[in-house]
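One-letter residues, chain by chain:
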Amino acid sequence: MSNLLRCLTVGLCLPLLSSRGAAQVAPLIANINARQTTSLDGQWQAIVDPYDVGALDYRAQPLKNNHAFYKNYKPQSESELVEYDFDTSGQLLVPGDWNTQRESLLFYEGSVWYKRSFDYTKSLKNRLFLHFGACNYLAAVYLNGEELGEHEGGFTPFDFEITDRVRARGNFLVLRINNTRGRDQVPTVNTDWWNYGGITRSVTLVEVPETFVQDYFIQLEKGSTDQITGWLQLNGAQLQQNVTIRIPEVGFSKTFATNSRGRANFSFGAGLTLWTPENPKLYTVEIASETDQVTDRMGFRSIEVRGTDILLNGKPVFLRGINLHEEAPMRRGRAWSDDDARTLLSWAKELGCNFVRLAHYPHNESMLRAADQMGILVWGEVPVYWTIQWENPQTLHNAENQLNEMIARDHNRAALIIYSVANETPISDARNRFLRQLIQDAHSADPTRLVSAALQADEVVEEKHITIHINDPIASDLDVLGNNEYIGWYARRPEDADSIDWISEYDKPLIMSEFGGDALFGYHGDTFARWTEEYQENLYEHQIAMLKRIPFLRGTTPWILKDFRSPRRTLPRYEDYFNRKGLVSEHGEKKKAFFVLQRFYRELQSVQLLK
Ligand code: GCU
């Protein structure tokens with residue numbers, strides 16, 4: 001029973017491999033951009049299929065004949081009935097969400113079929129993979145009328161090997177993308193961001209030697225500033241090889257042997273200039289096996305906690321941050337390009353940031369690489385958001401898979417320091433078990449980084465005094481605590497923050513991972529008038545005064561850099577389906593609160609410089 005059928009019959013979308021002979025999602029190939037690649041981006045043929053007639057017959061049984069859209073079948077005679085035609089069905093841009101490409105698709109949730117034809121001549125001995133940066137939410141992939149497989153999760157990359165399936169001419173690649181929300185999914189049915197559907201990131205053909213360097217992990221050991229630890233994984237028939245790691249700029253070169261499973265673990269000393277936000281030093285690192293070579297630009301820094309301090313390269317650091325959603329800076333829809341990333345991060349830099357929280361899901365790789373180059377530390381997160389199905393083993397498997405895919409893609413980025421496993425999740429035994437599993441997964445997949453989550457602390461009111469207690473049981477398993485609070489917007493008045501104190505059960509650093517309030521750019525009035533820039537400005541001033549009084553606070557990421565689309569925000573004139581908590585509008589216009597935060601961060605920077 002295919003995915004789609006289960007989707008329709010039980011209203012849930014569960015990742016199941018269906019037809020005989022489907023390929024598996026291949027192990028993720030690291031650092032695609034440094035490989036021999038061919039882009040399949042551009043205009044793709046597309047069929048919008050709200051009733052999934054491209055996959056199911058009127059009895060909701062999976063179609064296997066030429067009526068199935070992935071067959072891309074053309075009538076052989078005037079009398080033959082074929083009720084679909086990619087080539088006359090219009091186009092959609094890839095990468096891109098479908099919602100902002102056609103007014104009629106703005107709110108669309110369902111299936112869209114994409115088709116892309118291509119010719120490809122592969123070098124004889126080489127292997128060929130199809131790489132997808134991300135597709136939201138469920139992707140079923142077909143090549144030349146055959147199913148390759150499926151991928152669930154809208155924000156992480158996946159590959160399929162097509163070495164034996166590609167032909168020199170006339171290949172047709174077909175994807176069915178479905179973004180129907182499901183209770184058992186990650187995220188689940190309720191989010192405060194737009195459910196952008198489509199092939200939202202680049203599609204690439206990647207040609208590699210028969211045995212190639214599939215993945216590598218090269219980082220400073222936790223707490224060390226000169227000992228590098230890591231591993232390397234080959235993929236292919238010739239798994240036992242000598243592999244050399246070179247850092248030409250410092251004349252470093254070391255050779256290791258891979259074992260019978262193509263794996264080499266290594267540790268070695270290297271005197272390198274450490275990566276910092278002020279000096280984001282990147283080195284060219286060459287990884288060469290006997291049959292393959294890949295080059296990467298990497299920075300080296302250590303990150304750890306000691307009591308309530310976060311130590312970057314052994315020195316205490318304050319994370320001056322801001323939250324971002326993955327929306328394009330000056331156009332509608334999902335961001336995906338280097339330019340998008342650089343523009344958004346340059347706004348964060350203008351604020352005085354050395355840190356960003358990429359909410360609430362893994363953003364595109366361009367964002368991580370731009371952060372590496374621009375010197376911005378990163379909090380990455382998987383969309384375990386609000387009320388996930390904690391008891392459902394499929395949901396856990398799905399969340400673990402998304403976490404591992406995020407780590408596999410980004411584990412060589414110096415900028416990335418924190419993996420977050422959840423946002424605003426209600427405390428329960430099932431939830432604690434679920435999150436503890438993810439925390440364990442993150443630590444075992446990458447022991448060099450910190451793990452956090454955005455929690456929600458409880459208020460304790462005694463007479464006129466309010467104390468907020470950080471006492472979430474899951475905090476004992478985290479390295480860094482994150483906390484979301486909306487004092488002055490969803491609760492109390494902005495000035496109430498003046499008499500609020502914070503205590504924590506834990507000797508751990510706190511990042512105030514969300515705070516803020518809405519304002520419509522250009523709408524002005526009294527500080528107590530909601531939606532005005534003056535209200536937001538006033539709220540920030542009281543927040544900052546409160547934050548300065550929290551002894552274990554080591555970072556802040558206000559909600560949020562830019563106004564963003566949300567289906568939960570229906571108030572005409574003020575919201576119009578936008579969350580207005582941005583410090584800049586969706587057109588990049590700066591609100592008054594932008595300068596309040598900028599002043600605070602400049603102040604912190606000058607203090608930091610004095611240390
Ligand atoms: C929540 C949540 C965000 C949301 C924000 C808001 O805390 O984490 O995703 O957008 O608050 O309500 O604006």
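Cut-offs applied
- Residues numbered from 1 in each chain as written.
- Predicted model: local features only at pLDDT ≥ 70, side-chain atom pairs only at ≥ 80, totals over all residues.
- Heavy atoms only, no water.
- Helix = DSSP H or I, 4+ residues; strand = E, 2+ residues; numbered from the N terminus.
- Rg over C-alpha atoms; globule rule 2.2 N^0.38 Å.
- Buried < 20%, exposed > 50% of the residue type's maximum accessible area, 1.4 Å probe, protein only.
- Contact = heavy atoms within 4.5 Å.
- Areas by Shrake-Rupley, 256 points an atom, 1.4 Å probe, with all protein chains shown as cover.
- Lys, Arg positive; Asp, Glu negative; His and termini not counted.
- Charge placed at Lys NZ, Arg CZ, Asp CG, Glu CD.
- Pairing = 2+ DSSP bridges.
- Axes fitted to C-alpha atoms, helices over the stretch in contact; angles between N-to-C directions.
- Near = heavy atom within 4 Å.
- Polar contact = N/O pair within 3.5 Å; in protein donor to acceptor, adjacent residues only side chain to side chain.
- Nonpolar A, V, L, I, M, F, W, Y, C, P; charged D, E, K, R; others polar.
- pLDDT = per-residue confidence, 0-100.
- Salt bridge = Lys/Arg side-chain N within 4 Å of Asp/Glu carboxyl O.
- 1 Å grid on protein atoms, 1.4 Å probe; cavity = no way out; pocket = protein on both sides within 12 Å on 5 of 7 lines; lining within 4 Å.
- Points joined across faces, edges and corners; volume = space filled by probe spheres on them.
- Parallel < 35°, antiparallel > 145°, perpendicular 65-115°, else oblique.
- Left-handed = near helix turned anticlockwise from the far one by under 90°.
- Expected span 1.5 Å × (residues − 1).
- Arc of directions from axis to C-beta.
- Phe/Tyr/Trp six-rings, centres within 6.5 Å; stacked < 30°, edge-to-face > 60°.
- Lys NZ or Arg CZ within 6 Å of the ring centre and 35° of its normal.
- Core = buried A, V, L, I, M, F, W, Y, C linked by side-chain atoms within 4.5 Å.

Remarks on the overall build of the protein chain
Moving on, step 1. What the protein chain contains, in helices and strands, is seven helices and 33 strands.
Moving on, step 2. In terms of overall dimensions, the protein chain is globule-like: its C-alpha atoms have a radius of gyration of 25 Å, near the 25 Å expected for 611 residues.
Moving on, step 3. Overall, the C-alpha framework of the protein chain stretches about 80 × 60 × 45 Å when taken along its three principal axes.
Moving on, step 4. Evaluated residue by residue, the protein chain yields a buried proportion of 62% over its 611 residues.
Moving on, step 5. Excluding contacts between residues fewer than 6 apart, the proportion of contacts in the protein chain whose partners are at least 24 apart in sequence is 73%.
Moving on, step 6. Taken as a whole, the protein chain presents about 23,000 Å² of accessible surface, with 50% of it coming from carbon and sulfur.
Moving on, step 7. On the protein chain, the mean spot of the 65 positive side-chain charges and the mean spot of the 79 negative ones are 2 Å from each other.

Some details on the pairing of strand E4 (residues 111–118)
Moving on, step 1. Among the eight residues in E4, seven count as buried, and that is most of the element.
Moving on, step 2. Relative to E4, strand E2 (residues 42–49) runs antiparallel, the two sharing five bridges. By the bridge assignment for E4, Ile47 is matched with Trp113.
Moving on, step 3. Looking at chain direction, E4 and strand E9 (residues 171–178) are connected through eight bridges and run antiparallel. Considered in E9, the bridge of Ser117 is made with Phe172.

Points about the sheet that holds strand E3 (residues 91–94)
Moving on, step 1. The strand order across the open sheet built from six strands is E3-E2-E4-E9-E6-E7, with neighbouring strands paired in antiparallel fashion. Pairing within the sheet leaves two strands with one partner each, and these edge strands are E3 and strand E7 (146–152). For this sheet, the mean angle separating the axes of adjacent strands, direction not counted, is 30°.
Moving on, step 2. Both strand E6 (residues 138–143) and E7 contribute to a ladder of six bridges, which runs antiparallel. Paired with Leu143 across the strands is Glu146, a residue of E7.

Notes on the sheet that holds strand E13 (residues 242–247)
Consider a sheet: its strands pair through backbone hydrogen bonds, and that pairing is either parallel or antiparallel.
Moving on, step 1. Strand order in the open sheet made by the four strands is E14-E13-E16-E17, with antiparallel pairing throughout. With one partner strand each, in any of the chains shown, strand E14 (252–257) and strand E17 (293–298) form the two edges of the open sheet. Geometrically, the sheet is characterised by an average inter-axis angle of 15° between neighbouring strands, direction not taken into account.
Moving on, step 2. Bridge count between E13 and E14: six bridges; the pairing is antiparallel. Paired with Asn242 across the strands is Ala257, a residue of E14.

Looking at the site of the ligand
Moving on, step 1. What surrounds the ligand is a group of 14 residues, the closest being Asp192, Tyr385, Glu424, Tyr490 and Lys581.
Moving on, step 2. Here an oxygen atom of the ligand and a side-chain polar atom of Glu424 are 2.3 Å apart.
Moving on, step 3. Within the complex, the protein chains bury 97% of what would otherwise be the 310 Å² of accessible surface of the ligand.
Moving on, step 4. Classifying every residue of the shell around the ligand gives five nonpolar, four polar and five charged.

Section: the confidence of the model for the protein chain
Moving on, step 1. Scored by pLDDT, the protein chain has a mean of 95; 95% of the residues are at 70 or more.
Moving on, step 2. The low-confidence segment residues 1–21, where pLDDT is below 50, has 53 contacts with residues more than four positions distant or belonging to other chains.

Regarding the pattern of salt bridges
Moving on, step 1. Following the criterion strictly, the structure yields 41 salt bridges and no others.
Moving on, step 2. Close ionic contact of Arg431 with Asp472 constitutes a salt bridge, the shortest N to O distance being 2.8 Å. Of this pair, Arg431 sits in helix H5 (residues 429–445) while Asp472 sits in the loop between strand E27 (465–470) and strand E28 (481–484), and the two are 41 residues apart along the sequence.
Moving on, step 3. Owing to a relative accessible area of 5%, Asp472 belongs among the buried residues under this scheme.
Moving on, step 4. Residue Asp563 pairs with Arg580 through a salt bridge whose shortest N-O separation is 3.1 Å. With Asp563 in the loop between strand E31 (553–556) and strand E32 (564–565) and Arg580 in the loop between strand E33 (578–579) and helix H7 (592–610), this residue pair connects regions lying 17 residues apart in the sequence.

A few points about the side chain of Asp372
Moving on, step 1. Its place among the elements puts Asp372 in helix H3 (residues 365–374).
Moving on, step 2. A relative accessible area of 2% means that Asp372 is categorised as buried.
Moving on, step 3. Of the polar contacts made by the side chain of Asp372, one reaches the backbone nitrogen of Ala414; its length is 3.1 Å.
Moving on, step 4. The contacts of Asp372, once residues within four sequence positions are left out, are Trp275, Pro280, Leu282, Arg297, Asn412, Arg413, Ala414 and Ala415.

Section: the layout of surface pockets
Moving on, step 1. Of the volumes computed, that of the largest pocket is approximately 690 Å³.
Moving on, step 2. Lining the largest pocket are 34 residues, with Asn33, Asp338, Glu365, Ser366 and Arg369 positioned closest to its centre.
Moving on, step 3. Among the secondary structure elements, those contributing two or more residues to the lining of the largest pocket are strand E1 (36–39), E17, helix H2 (338–351), H3 and helix H4 (393–410).
Moving on, step 4. Sort the elements by how many residues they give to the lining of the largest pocket and H3 lands first, with six residues.
Moving on, step 5. A per-class count over the lining of the largest pocket returns nine nonpolar, 13 polar and 12 charged.

Some details on the packing of H2 against H3
The axes of two packed helices give the description: the angle between them and the distance between them.
Moving on, step 1. Between H2 and H3, the shortest axis-to-axis distance is 9 Å and the interhelical angle comes to 50°. By the angle class used here, H2 and H3 are oblique. The crossing of H2 and H3 is right-handed. Together, Asp338, Ala341, Arg342, Leu344, Leu345, Ser346 and Lys349 of H2 and Ser366, Met367, Ala370, Ala371, Gln373 and Met374 of H3 make up the contact between the two elements.

Here we look at H2
Moving on, step 1. Compared with an ideal rise of 1.5 Å per residue, which puts 14 residues at 20 Å, H2 spans 20 Å between its outermost C-alpha atoms and is within 8% of the ideal.
Moving on, step 2. Regarding H2, the residues found buried are Asp340, Ala341, Leu344, Leu345, Trp347, Ala348 and Leu351. Along H2, the residues classed as buried sweep out an arc of 145° about the axis, all on the same side.

Describing the packing of aromatic side chains
Moving on, step 1. For the coordinates displayed, the defined rule picks out 34 aromatic pairs.
Moving on, step 2. Sitting above the plane of the Tyr283 ring, Lys281 keeps its charged end 4.8 Å from the centroid.
Moving on, step 3. One residue, Lys590, lies across the ring of Phe594, its end atom 5.3 Å from the ring centre.

Some points on the nonpolar core
Moving on, step 1. In this structure, Leu319, Ile322, Val356, Val384, Trp502 and Leu597 are the most contacted members of the largest nonpolar core, which totals 98 residues.
Moving on, step 2. Ranked by residues supplied to this core, first place goes to H7 with seven residues.
Moving on, step 3. If near-sequence neighbours (up to four positions away) are discounted, Trp502 is found in contact with Ala457, Ile468, Ile470, Asn483, Glu485, Ile487, Met512, Met546, Ile550 and Phe552.
Moving on, step 4. Counting 30 residues, the second largest nonpolar core, distinct from the first, contains Leu92, Tyr114, Phe160 and Leu205.

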